[in-house]
There are 2 protein chains.
Amino acid sequence: MLGNPYDRDCPTRQLLDRIGDQWTVLIVGALVDGPLRFTEIGKRVDGISQKVLTQTLRSLVRDGILTRTAYPVIPPKVEYELTQLGRNLAEPLELLDRWARQNMDQVKAARAAYDAENAATAS
Amino acid sequence: MLGNPYDRDCPTRQLLDRIGDQWTVLIVGALVDGPLRFTEIGKRVDGISQKVLTQTLRSLVRDGILTRTAYPVIPPKVEYELTQLGRNLAEPLELLDRWARQNMDQVKAARAAYDAENAATAS
DNA sequence: CGGAATCCTACCTGATACTG
DNA sequence: CAGTATCAGGTAGGATTCCG
């Protein structure tokens, strides 16, 4: 049982709002190995726009998942790093990732089977 | 490290597409205790519209996460039940849920602190 | 009861251009 | 380099209505 995630403002729900944005998990994953600069993250998380990256990073900082450190040098340098809370979050995320690796082909198969059957009956 | 979830079509990314829709996790959570009928799920997952519930359920069936069983009785009765794959997915999900319960207040605190500081400097 | 079909809106997002 | 600002488009999602 996942508890009682059926009232709109339970923790689970809020977490889903947070990680459900598709990018949070990837960014957190990109930072587990150590701090990265803005552009570095953008390169790792392929497909993210600079705007969304900015937004997501800021909200993660706001949530205490990671810290932002700006070095006042002439070519600006800003580093993002996971907080303890963030590293903490990375663990269950990694389990999810493992599930994905192990079962995603099964999902694909199920999907193909479903579509095949569906196309057949759609005559 | 979350692996290499940075190419657009890795398993992790696909999983995020699946569970990132905000409702999947809640529906799966609602079904861990046993099969439920359409309306039952709708009641448990507060706030979901009938349309989205239908969509999400169907895509979950398609992905092999759960099964749909329609009983041909006069008041229609349809039950949804987790497959093994689905029960399997529920485990890492539960860990995430646990994280949420344990840390969401910390996130809230960080959020409040951030906002306070932000309002102060926004003069 | 368990959907399907339609309409309509809000937000999320990407693309682009500009700034310190 | 690391953002901010603006605008346009697509789409997830809600509300409503009707069907088997």
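Residues numbered from 1 in each chain as written. Chains lettered and ligands numbered in written order. Predicted model: local features only at pLDDT ≥ 70, side-chain atom pairs only at ≥ 80, totals over all residues. Heavy atoms only, no water.

**Notes on the protein's contact with DNA strand C**
The full set close to DNA strand C counts 17 residues, and A:Lys51, A:Pro76, B:Thr39, B:Arg68 and B:Tyr80 are the nearest of them. B:Gln50 places a side-chain nitrogen or oxygen 3.2 Å from a base nitrogen of DNA strand C. Elements that contribute at least two residues to the surface near DNA strand C include exactly helix H4 (50-62) of chain A together with helix H3 (38-44), helix H4 (50-62) and strand E3 (77-82) of chain B. For the surface near DNA strand C, the leading source of residues is H4(B), giving 4 residues. The class makeup of the residues in the surface near DNA strand C is 6 nonpolar, 5 polar and 6 charged. (Near = heavy atom within 4 Å. Polar contact = N/O pair within 3.5 Å; in protein donor to acceptor, adjacent residues only side chain to side chain. Helix = DSSP H or I, 4+ residues; strand = E, 2+ residues; numbered from the N terminus. Nonpolar A, V, L, I, M, F, W, Y, C, P; charged D, E, K, R; others polar.)

**Description of the relation of the copies chain A and chain B**
With an RMSD of 0.1 Å, the operation that places chain A on chain B is a rotation of 180 degrees combined with a shift of 0.0 Å along the axis. One copy is carried onto the other by what is essentially a two-fold rotation axis. Relative to the rotation axis, the closest C-alpha in chain A is found at A:Gly20, a distance of 2.0 Å. (Least-squares fit on C-alpha atoms with pLDDT ≥ 70 in both.)

**Thoughts on the sheet that holds strand E2 (residues 66-71) of chain A**
Residues and elements named next belong to chain A. Pairing within the open sheet is antiparallel, and its 3 strands lie in the order E1-E3-E2. Among the strands making up the open sheet, the edge pair consists of strand E1 (36-37) and E2. With 6 bridges connecting them, E2 and strand E3 (residues 77-82) associate as antiparallel partners. Residue pairing in the sheet places Tyr 71 in a bridge with Lys 77 of E3. This element, helix H2 (residues 24-31), spans E1, E2 and E3 of the sheet and lies at about 95 degrees to E3. (Pairing = 2+ DSSP bridges. Contact = heavy atoms within 4.5 Å. Axes fitted to C-alpha atoms, helices over the stretch in contact; angles between N-to-C directions.)

**A closer look at the interface of chain A and chain B**
Chain A puts 57 residues into the contact, and the matching count from chain B is 57 residues. Together chain A and chain B conceal approximately 5,500 Å² of surface at their shared face, both sides included; 62% is due to carbon and sulfur atoms. A:Arg111 serves as the salt-bridge partner of B:Asp63, at 2.7 Å between the closest nitrogen and oxygen. Counting the contacts that link chain A with chain B gives 12 residue pairs in polar contact (both at pLDDT 80 or more). Among the secondary structure elements, those contributing two or more residues to the side of chain A that touches chain B are helix H1 (11-19), H2, H4 and helix H5 (84-121) of chain A. If one sorts the elements of the side of chain A that touches chain B by residue count, H5(A) sits on top with 22 residues. Its residues assigned to classes, the side of chain A that touches chain B comprises 29 nonpolar, 12 polar and 16 charged. (Buried area = accessible area lost by both parts, 1.4 Å probe. Salt bridge = Lys/Arg side-chain N within 4 Å of Asp/Glu carboxyl O.)

**So, the confidence of the model for chain A**
Detailed reading of the predicted coordinates is not advisable wherever pLDDT falls low. Residues and elements named next belong to chain A. Summing up the model confidence of chain A, the mean pLDDT is 88 and the portion of residues at 70 or higher is 90%. Looking over chain A, one finds the lowest element-wise mean pLDDT in H1, namely 83, and the highest in E3, namely 98. Here residues 1-5 is a poorly scored stretch, pLDDT under 50, and it has 21 contacts once near neighbours within four places are set aside; other chains count. (pLDDT = per-residue confidence, 0-100.)

**Section: the nonpolar core**
If you look at the biggest cluster of nonpolar residues, it comprises 63 residues, and the most contacted ones within it are A:Ile27, A:Ile41, B:Ile27, B:Ile41 and B:Ile65. Not counting residues within four places of it along the chain, the set of residues in contact with A:Ile27 comprises A:Ile41, A:Val45, A:Ile48, A:Leu53, A:Thr56, A:Leu57, A:Leu60 and A:Leu66. (Core = buried A, V, L, I, M, F, W, Y, C linked by side-chain atoms within 4.5 Å. Buried < 20%, exposed > 50% of the residue type's maximum accessible area, 1.4 Å probe, protein only.)

**A word on the UniProt feature "domain: HTH hxlR-type" (unreviewed entry) in chain A**
Following the UniProt record, the feature "domain: HTH hxlR-type" (unreviewed entry) maps to residues 10-108 of chain A here. Here residues 10-108 of chain A runs as 63% helix and 14% strand, with 32 Å between its end C-alpha atoms. (UniProt positions renumbered as here; feature names shortened; annotations may be inferred.)

**Points about the layout of surface pockets**
Vacant regions in the atomic arrangement are exposed by a probe of water-molecule size rolled over the atoms. Approximately 220 Å³ is the volume found for the largest pocket. Around the largest pocket, the lining residues are A:Phe38, A:Thr54, A:Leu57, A:Arg58, A:Val61, A:Gly64, A:Leu66, A:Thr67, A:Arg68, A:Tyr80, A:Thr83 and B:Tyr114. Where the lining of the largest pocket is concerned, the elements lending two or more residues are H4 and E2 of chain A. Among the elements that line the lining of the largest pocket, the one with the most residues is H4(A), at 4 residues. (1 Å grid on protein atoms, 1.4 Å probe; cavity = no way out; pocket = protein on both sides within 12 Å on 5 of 7 lines; lining within 4 Å. Points joined across faces, edges and corners; volume = space filled by probe spheres on them.)

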